Amino acid sequence: MTAVVGPPTVTTVGPVPAGGPPPGRRRRALRLRAAAGFACGAALLFAVAPLVLSDFRLSLLAKYLCLAMVAVGVGIAWGRGGMLTLGQGVFFGLGGYAMAMHLKLADAGPGAMPDFMQLYGQLDELPVWWRPFASPWFALPATVLLPMAVAFGLGSLVFRRRVRGAYFAILSQALAAAMVILLVGQQGTTGGTNGLTDIQGFFGYDLDDPVNQRMVYFVIAACLLGLLVLARQLIQSRYGELLVAVRDGEERVRFLGYDPASVKLVAYVVAAGMAGLAGALFVPAVGIISPALIGIVPSIEFVIGVAVGGRATLLGPVLGAVAVAWARTALSERFPGTWTYLQGLLFVLVVAFLPGGLASLVALARRRGDDGPPGRFTLWRKRSRTETVA
Amino acid sequence: MSGPDGLAIRDLRVSFDGFTAVDGVSLDVPPGDIRFLIGPNGAGKTTLVDAVTGLVRATGSVRFGEHELLGRAVHRISRLGVGRTFQTSTVFEELTVLQNLDIAAGARRSWATLVRRRHGVPDEVAAALDTIGLAGHVDQLAGTLAHGQKQWLEIGMLLVQDARLLLLDEPVAGMSHEERDATGTLLEKVSRDRTVVVIEHDMDFLRRFARTVTVLHAGKVLSEGTVAQVQADPRVQEVYLGHPVDAAGTAPAGTEA
């Protein structure tokens, strides 16, 4: 056998990596930029919006921000993890109902039944599974932990059986439908189609008071910013890299010694927790939670916002969700009935022509500005399999 | 790292709906060997590797070191030190070279490490980058690498994964001559403390770098030995090297082995 020669002599064929500043300085610059962006976002949400918007518009914005929280989770599960979850309404609903149950019980006062139960008159006393929600110490953690627990149970079954792609999407959607049917069917204890309505107070504060509404808005804005920090950390961690690897090559990851099911499970559970928190805050912002707000249609709408904004980015889902929700309000005020079609059209257009969402336009512009080779019209992120030589 | 382990396959059978792809194969690959698996299309080479790595169900026995591999999940077999590549390159194209290697190195990491950010280049990754000659491409997206570089990245991923048995499925397909030579040298280098099994069609590459060869035909072992022994085997000449083009290549084989 011949003596061992050095490493393969690499003929530099591909593009030489961009030189740029050393990694340490680049990382610091990135962190600085992130901090600046965060500060800008905080200033917009906490100073500009309350000054510029009327109380009515501000409460609408509060609602949109709740949807944006769901979108952050969808961005992680779908954008980074490749799980097209069309059933986030389930987790949004679990969080929302947990919060609403507590607030209804608090409205009714100690020992009393919520108004709708008395109205339907089927029950003599509070159902057993309502009772723990009287305590805020149970109800508040439950708004997040309950959806996460359900997602964990569900995900463990589904991912281990290697259900993915369209099958996973359909399954998650069916779950949203099932949840609605369950809620509607149990009118006596869940409020049925009406849901839990007419919520008056929020931990002792009267929700009719505009000042308190404003406080709710601030809580929501703070939570959204918090979730963004969490999401950023997750995306940039080693786990975030691994999640993308699972998205793009699940089998390959398996051969590296990982169990992709647990990798996906974590992202799915985190997304569920975010949806749960969003649902919980949606209740004081809007004063109602009902099956119509958590069923198939809203579940799909969560995804549309994320797709429009750019599912694989951090801010894309947030901006997309807010933009789509805002467009929905603005357009359905003027042209009721046409919004559904517009929304469908928007989704088709984005998926067909801009799979990376609006965020990919920003990335494109930046690349053009920097060093992008002229005359390259890569509007959308290529799911590059082009390099593979047979 | 303790010395490499050997691979021992006994009476391995794989059937798909009545079709037997691997039909009672027994073979031993001693520690530190570079074993080439050859055979006509459909001989069961890739299926054999699939069975060893847990991708398809099989009967019989596959032992690597002291561990029985059959019946274990894919990722558990991988954690026992068995790594493989595929015919088409399967690097994570939207991640950088460094990210690819870092992920490959991380199967044993705790969750506490996973949720934190990567800082710098881990030692084993730096070593692998050197070995596979991609140190200058650390931050390049794997999807933009040249074909040969992707294959080397795959091998690098096996190295950082601490695979002690490397199963490579046509690693030099589509490579230029220089890239083939570099790959062969790389294999010799990594086989010093690992066991390497290569599926390959390229006879020239085989003559230069194989230490031992197993010929599979119709799911069975047809012949086994050094390159010269195998090429001298009349049965092999009949089913595999029978046609004139390859038969002409028998002469210079004696220089190897």
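Every value quoted in this text rests on a predicted model; they were computed, and no experiment measured them.

Caption draft 1: Summary view of the overall build of chain A. Counting its regular elements, chain A contains 15 helices and two strands. With 390 residues in all, chain A has 41% of them scored as buried. Residue pairs in contact within chain A that sit at least 24 positions apart in sequence constitute 79% of those at least 6 positions apart.

Caption draft 2: The arrangement of the overall build of chain B in detail. Counting its regular elements, chain B contains eleven helices and ten strands. Against the globule reference of 18 Å for 257 residues, chain B gives a C-alpha radius of gyration of 19 Å, in line with a compact fold. Seen through its C-alpha atoms, chain B measures out along the principal axes to roughly 60 × 40 × 35 Å.

Caption draft 3: The packing of helix H3 (residues 88-108) of chain A against helix H11 (residues 260-286) of chain A, seen in detail. Residues and elements named next belong to chain A. With their axes 7 Å apart at the nearest point, H3 and H11 run at an angle of 40 degrees to one another. By the angle between their axes, H3 is oblique relative to H11. The handedness of the crossing between H3 and H11 is right-handed. Touching Gln88, Phe91, Phe92, Gly93, Leu94, Gly95, Gly96, Ala98, Met99, Ala100 and Leu103 of H3 are Ala272, Ala275, Gly276, Leu277, Ala278, Gly279, Ala280, Phe282 and Val283, all from H11.

Caption draft 4: Seen up close, the interface of chain A and chain B. Taken together, the contact between chain A and chain B spans 33 residues of the former and 53 residues of the latter. Those elements giving two or more residues to the side of chain A that touches chain B turn out to be helix H9 (238-248) and helix H10 (250-255) of chain A. It is H9 of chain A that provides the largest number of residues to the side of chain A that touches chain B, a total of seven residues.

Caption draft 5: Up close: the sheet that holds strand E4 (residues 59-64) of chain B. Residue and element names in this part refer to chain B. Pairing in this open sheet of four strands is antiparallel, and the strands run E2-E1-E4-E5 from one edge to the other. Looking at which strands have only one partner, the edges of the open sheet turn out to be strand E2 (19-29) and strand E5 (67-68). With eight bridges connecting them, strand E1 (residues 7-16) and E2 associate as antiparallel partners. Opposite Arg13, over in E2, you have Asp23 as the bridge partner. Helix H1 (residues 45-52) rests against E1, E2 and E4 of the sheet, and its axis sits at about 70 degrees to E2.

Caption draft 6: Structural detail: the sheet that holds strand E7 (residues 165-169) of chain B. Residue and element names in this part refer to chain B. A sheet is described by the order of its strands in space; here six strands give the open sequence E6-E7-E8-E3-E9-E10, paired in mixed fashion. Single-partner strands in this sheet number two, and they are strand E6 (82-84) and strand E10 (220-225). Here the average twist between neighbouring strands, direction ignored, is 20 degrees. Note: E6 against E7, three bridges, orientation parallel. Bridging across to E7, Val82 finds its partner in Leu165.

Caption draft 7: Up close: the pairing of strand E9 (residues 212-217) of chain B. All names here are of chain B. In terms of burial, E9 is a largely internal element, five of the six residues being buried. Across four bridges, the pairing between strand E3 (residues 34-38) and E9 is parallel. In the strand pairing of E9, Arg35 is matched with Thr212. Both E9 and E10 contribute to a ladder of five bridges, which runs antiparallel. Counted as the bridge partner of Thr214 is Glu224 from E10. What sits between E9 and E10 in their antiparallel hairpin is a turn of two residues, with Ala218 showing a positive phi close to 50 degrees.

Caption draft 8: Just the nonpolar core, in detail. Counting residues in hydrophobic clusters, the biggest one holds 178 residues, and the most contacted among them are Ala68 and Met69 of chain A. Take this core: its biggest share by element is 18 residues, from H11 of chain A.

Caption draft 9: Geometry of the confidence of the model for chain B. Residue and element names in this part refer to chain B. Mean pLDDT over chain B works out to 86, with 91% of the residues at or above the 70 mark. The element-level mean pLDDT for chain B is lowest in helix H11 (residues 244-247), coming to 42, with strand E8 (residues 195-199) highest at 94. Per the prediction output, this complex has pTM 0.85; the corresponding ipTM is 0.84.

Caption draft 10: Region of interest: helix H12 (residues 296-309) of chain A. Residue and element names in this part refer to chain A. For H12, with 14 residues, the first-to-last C-alpha span of 21 Å sits near the 20 Å given by 1.5 Å per residue. Within H12, ten of the 14 residues are buried, which leaves it mostly tucked inside the rest of the structure. Within H12 the residues assigned to the buried category are Ser299, Glu301, Phe302, Val303, Ile304, Gly305, Val306, Ala307, Val308 and Gly309. Backbone geometry just after H12 places Gly310 at a positive phi near 120 degrees.

Caption draft 11: The arrangement of the packing of helix H8 (residues 210-236) of chain A against H11 of chain A in detail. Residue and element names in this part refer to chain A. It is the contact of H8 with H11, at a shortest axis distance of 10 Å, that shows an interaxial angle of 170 degrees. Classed by the angle they form, the pair H8 and H11 counts as roughly antiparallel. Two secondary-structure elements touch here, H8 through Val216, Val219, Ile220, Cys223, Leu227 and Leu234 and H11 through Val270, Met274, Leu277, Leu281, Pro284 and Ala285.

Caption draft 12: Structural context of the environment of Leu196 of chain A. All names here are of chain A. Among the structural elements, Leu196 can be located in the loop between helix H7 (187-190) and strand E1 (201-202). On the basis of neighbour counts, which here come to 22 C-beta atoms within 10 Å, the residue Leu196 falls in the buried class. Apart from the residues lying within four places of it in its own chain, the contact partners of Leu196 are Tyr97, Ala100, Met101, Lys104, Gly191, Ile288 and Ile289.

Caption draft 13: Structural view of the environment of Phe38 of chain A. Locating Phe38 of chain A in the fold gives a position in helix H1 (residues 23-52). Separated by 190 residues in sequence, Phe38 of chain A and Leu228 of chain A place their C-alpha atoms 9.0 Å apart.

Caption draft 14: How the structure looks around unusual backbone geometry. Backbone geometry at Asp198 of chain A places phi at a positive 60 degrees, although glycine is not the residue there. A tally of 12 C-beta atoms within 10 Å means that Asp198 of chain A is categorised as exposed. Backbone geometry places Asp162 of chain B, a non-glycine residue, at a positive phi of 65 degrees.

What counts as what
Residues numbered from 1 in each chain as written. Chains lettered and ligands numbered in written order. Predicted model: local features only at pLDDT ≥ 70, side-chain atom pairs only at ≥ 80, totals over all residues. Helix = DSSP H or I, 4+ residues; strand = E, 2+ residues; numbered from the N terminus. Buried ≥ 20, exposed ≤ 12 C-beta atoms within 10 Å, placed from the backbone. Contact = placed C-beta atoms within 7 Å. Rg over C-alpha atoms; globule rule 2.2 N^0.38 Å. Axes fitted to C-alpha atoms, helices over the stretch in contact; angles between N-to-C directions. Parallel < 35°, antiparallel > 145°, perpendicular 65-115°, else oblique. Left-handed = near helix turned anticlockwise from the far one by under 90°. Pairing = 2+ DSSP bridges. Core = buried A, V, L, I, M, F, W, Y, C linked by C-beta atoms within 7 Å. pLDDT = per-residue confidence, 0-100. Expected span 1.5 Å × (residues − 1).

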